[in-house]
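Spelled out, the chains give:
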Amino acid sequence: MTELLTAAQMRAIEQAAIATGEVTGLELMERAGRGVVEAIFEEWPELRATSHRAVVLCGPGNNGGDGFVVARLLREWGWEVEVFLYGDPERLPPDARVNCERWRGMGEVRPLQNDSLPPWAEGTALVVDALFGIGLTRPFEDLDAVQGELNWWRSARRTGETPRVVAVDVPSGLCADSGRYPASAAGNPLDDRVLANLTVTFQTPKPGHYLGVGPRACERLRVVPLGLAADAGVTLIERPTATARLGKATGHKYAYGHALVLSGPSGRGGAARLAARGALRIGAGLVTVGCPPEAIPENAARLDAVMLRAVADGLMLEEALEDKRINALCVGPGLGIDARAREVVAVALSIPAGSPPPLSPPHGGEGSGEGQASRTDGDGDSLPLPPVGRGEGRGAPTSERRHLVLDADALTILSQHPEFFDALHDGCVLTPHAGEFARLFPDITEKLNQPATKGPAYSKVDATREAAKRAGCVVLYKGPDTVIADPTGRCAINSAHYGRAVPWLATAGSGDVLAGFITGLLARGGSPFEAACTGAWLHVECALSFGPGLIAEDLPEELPKVFRALGV
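Notes on the structure follow. Only a predicted model underlies this, so the values are computations on that prediction, with no experimental measurement involved.

Parameters at a glance
Residues numbered from 1 in each chain as written. Predicted model: local features only at pLDDT ≥ 70, side-chain atom pairs only at ≥ 80, totals over all residues. Heavy atoms only, no water. Helix = DSSP H or I, 4+ residues; strand = E, 2+ residues; numbered from the N terminus. Expected span 1.5 Å × (residues − 1). Buried < 20%, exposed > 50% of the residue type's maximum accessible area, 1.4 Å probe, protein only. Polar contact = N/O pair within 3.5 Å; in protein donor to acceptor, adjacent residues only side chain to side chain. Contact = heavy atoms within 4.5 Å. Phe/Tyr/Trp six-rings, centres within 6.5 Å; stacked < 30°, edge-to-face > 60°. Core = buried A, V, L, I, M, F, W, Y, C linked by side-chain atoms within 4.5 Å. Pairing = 2+ DSSP bridges. Axes fitted to C-alpha atoms, helices over the stretch in contact; angles between N-to-C directions. Salt bridge = Lys/Arg side-chain N within 4 Å of Asp/Glu carboxyl O.

1. Here's the deal with helix 16 (residues 460-471)
With 12 residues, helix 16 should reach 16 Å at 1.5 Å per residue; the first-to-last C-alpha distance of 16 Å fits that figure. Those residues of helix 16 not exposed but buried are Lys460, Val461, Ala463, Thr464, Ala467, Ala468, Arg470 and Ala471. You can read the cap of helix 16 off the contacts: a side-chain oxygen lies 3.2 Å from the backbone nitrogen of Val461, and it is on Ser459. Immediately beyond the C-terminal end of helix 16, within one or two residues, lies Gly472, with a positive phi of roughly 75°.

Shown next as structure tokens:
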């Protein structure tokens with residue numbers, strides 16, 4: 001896994017290295033600028049072969065100092081280089097001022113104004129955005145015409161008619177921690193903000209390169225090592241260490257766990273069948289679907305290796321769970337939100353059957369499109385639900401509980417019943433998409449959706465960590481920028497961007513398969529955090545392996561091919 005550094009962490013390790021004499025600021029700036037030039041030539045080898053024309057836009061801080069190094073190195077390579085500075089050269093930080101003076105010995109520094117750039121940069125091969133990097137905490141609202149021009153050049157570059165835009169660290173104005181543009185106008189921030197064809201960052205990627213609109217703003221990402229030591233609190237999942245344990249060596253089927261997937265009524269069993277297939281394919285020794293008795297014929301017609309058991313209500317689930325070999329449950333896909341569903345969720349959370357919760361408030365269930373749970377007053381007006389739960393958990397420790405994945409309708413039920421939310425424990429994994437997250441954590445969602453006025457902006461990482469702490473269990477917040485956090489603050493990002501982009505994964509049922517993957521890994525003995533990270537990563541790997549045209553049923557069937565590629 002790759003460590004991700006926030007802007008503050010990156011500044012801290014640079015300052016620590018300088019303070020100990022390990023490196024000077026000038027040396028770091030030289031490494032950064034040289035790394036940018038090397039990344040440019042690696043990305044576009046044709047630019048290395050001959051000289052071209054470049055425009056370098058330098059800002060008033062150390063990001064601008066990196067830009068002066070880039071300009072000098074390109075000039076030494078034989079390029080024609082034009083440099084613009086936004087700000088007063090006499091007020092540059094010391095290291096940036098040294099590199100500005102070095103450039104002045106080779107060429108002119110022109111002031112950057114809103115009309116500095118021509119509408120069409122004919123003959124320019126490259127524009128380097130070194131205006132603002134990860135240190136910017138205010139909205140970048142100046143130079144709107146320049147920002148608009150860079151935005152247009154990045155987009156039009158796909159036709160080959162405009163300069164390539166290269167951003168140093170981040171496209172100017174993008175928050176490196178959140179992947180948001182502070183103070184963006186309503187609408188799509190990608191319409192008028194600085195965008196890049198290539199973004200070159202240093203030491204490690206930053207969370208904002210993978211969150212929010214960051215991946216679309218950066219387009220392609222390269223990382224230049226600076227040779228500094230650092231620990232970070234967020235990791236990028238690349239190949240989880242748990243994949244080394246996916247194979248089977250010795251033992252019988254019960255050695256690999258028994259997963260129970262709770263299903264809904266006839267006609268709604270498809271989601272649970274997808275989850276069960278995912279759990280079985282990922283290696284659970286046995287998988288059983290527990291469904292209402294009348295749904296057994298339908299499920300029996302569609303399942304072979306997956307077993308069936310009648311679970312009409314909470315009492316029958318309690319009876320099923322007397323078999324202590326069942327060590328992982330998946331509750332929610334296609335479950336419904338009726339009285340039986342509430343009983344099943346309660347028993348799965350170790351709330352005894354026969355102590356039913358109050359009737360649930362009106363809600364459309366999974367797929368209703370409602371972003372927030374609501375109660376209805378006597379006149380039928382919708383009132384927002386307060387945040388659920390206290391994050392205290394209850395009952396026996398994890399060692400005495402079964403692992404439990406709660407997805408889809410189970411999350412809706414949790415959002416409606418605080419006593420269920422309070423029964424969550426550290427053996428649980430919640431897997432909400434954005435709408436479900438909003439129903440469970442409306443106050444956190446409100447913070448996340450508020451326009452950012454300064455950096456570092458509140459991020460999906462912040463939101464998921466806060467949710468996990470409140471719930472007392474692992475939360476996997478789905479999306480192309482899936483974030484996974486546990487109550488201690490440990491956090492990972494599973495990114496489906498850049499070379500791992502899989503837009504065809506946005507298909508009905510794919511989330512049910514993910515719930516099954518995680519359940520199967522829990523049955524096999526994985527910890528909740530490890531199972532969530534590994535399941536999410538394999539989910540994307542299966543989609544990458546299959547390619548366009550994917551439907552949810554293809555995901556479990558692609559696992560053997562992915563396992564072979566991993567050497568499992």
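2. Details of the side chain of Thr124
By the element assignment, Thr124 lies in the loop between strand 4 (109-111) and strand 5 (126-130). We classify Thr124 as buried; its relative accessible area is 7%. A polar contact of 2.4 Å, which involves the side chain of Thr124, links it to the side chain of Arg53. Once residues lying within four places of it in the same chain are set aside, the contact partners of Thr124 are Arg53, Ala54, Val55 and Pro163.

3. Regarding the packing of aromatic side chains
In the structure shown here, the tally under the stated rule is 8 aromatic pairs. When the ring of Phe437 is compared with that of Phe441, the centres are 5.0 Å apart and the planes differ by 50°; the resulting orientation is tilted. Looking at Phe441, the relative accessible area reads 0%, which means it is buried. For the ring pair Phe437 and Tyr477, a centre distance of 4.1 Å and an interplane angle of 5° mean the geometry is stacked. Note that Phe437 is positioned in helix 14 (residues 434-440) and Tyr477 in strand 18 (residues 474-477), a separation of 40 residues in sequence. You'll find Phe437 and Tyr477 in the same group, each marked buried.

4. Examining the nonpolar core
Core analysis: the biggest nonpolar cluster contains 56 residues, and Phe68, Leu74 and Leu126 have the highest contact counts within it. The greatest single-element share of this core, amounting to 8 residues, is contributed by helix 2 (residues 25-43). Among all residues touching Leu126, those that are not within four sequence positions of it are Ile40, Trp44, Arg53, Ala54, Val55, Leu74, Trp79, Pro163, Arg164 and Val166. Membership of the second largest hydrophobic core comes to 54 residues, among which are Leu236, Leu335, Ala423 and Cys473.

5. Focus: the sheet that holds strand 20 (residues 491-495)
Think of a sheet as strands paired side by side through backbone hydrogen bonds, with each pair either parallel or antiparallel. Strand order in this open sheet of 11 strands is 1-9-20-19-18-17-16-13-10-11-12, and the pairing throughout is mixed. Two strands bound the open sheet, and with one partner strand each, they are strand 1 (2-4) and strand 12 (307-310). Recorded for the sheet is a direction-independent mean angle of 20° between the axes of neighbouring strands. In this structure, strand 13 (residues 326-331) lies alongside strand 16 (residues 403-406), joined through 4 bridges in parallel fashion. The residue bridging Val331 from the neighbouring strand is Leu406, located in strand 16. Along the sheet, helix 18 (residues 528-546) contacts strand 16, strand 17 (428-430), strand 18, strand 19 (481-485) and strand 20; its crossing angle with strand 20, the most-contacted strand, is approximately 10°.

6. Comments concerning the pattern of salt bridges
For the structure shown, the criterion picks out 28 salt bridges. We note a salt bridge from Arg325 to Asp323, for which the minimum N-O separation is 3.2 Å. Accessibility expressed as a relative area gives 46% for Arg325, which makes it partly exposed. On the basis of relative accessibility, which here comes to 22%, the residue Asp323 falls in the partly exposed class. Of the charged contacts, one joins Asp443 and Arg470 as a salt bridge, the two residues approaching to 2.7 Å between their closest N and O atoms. In this pair, Asp443 is assigned in helix 15 (residues 442-449) and Arg470 in helix 16, connecting sequence segments 27 residues apart.

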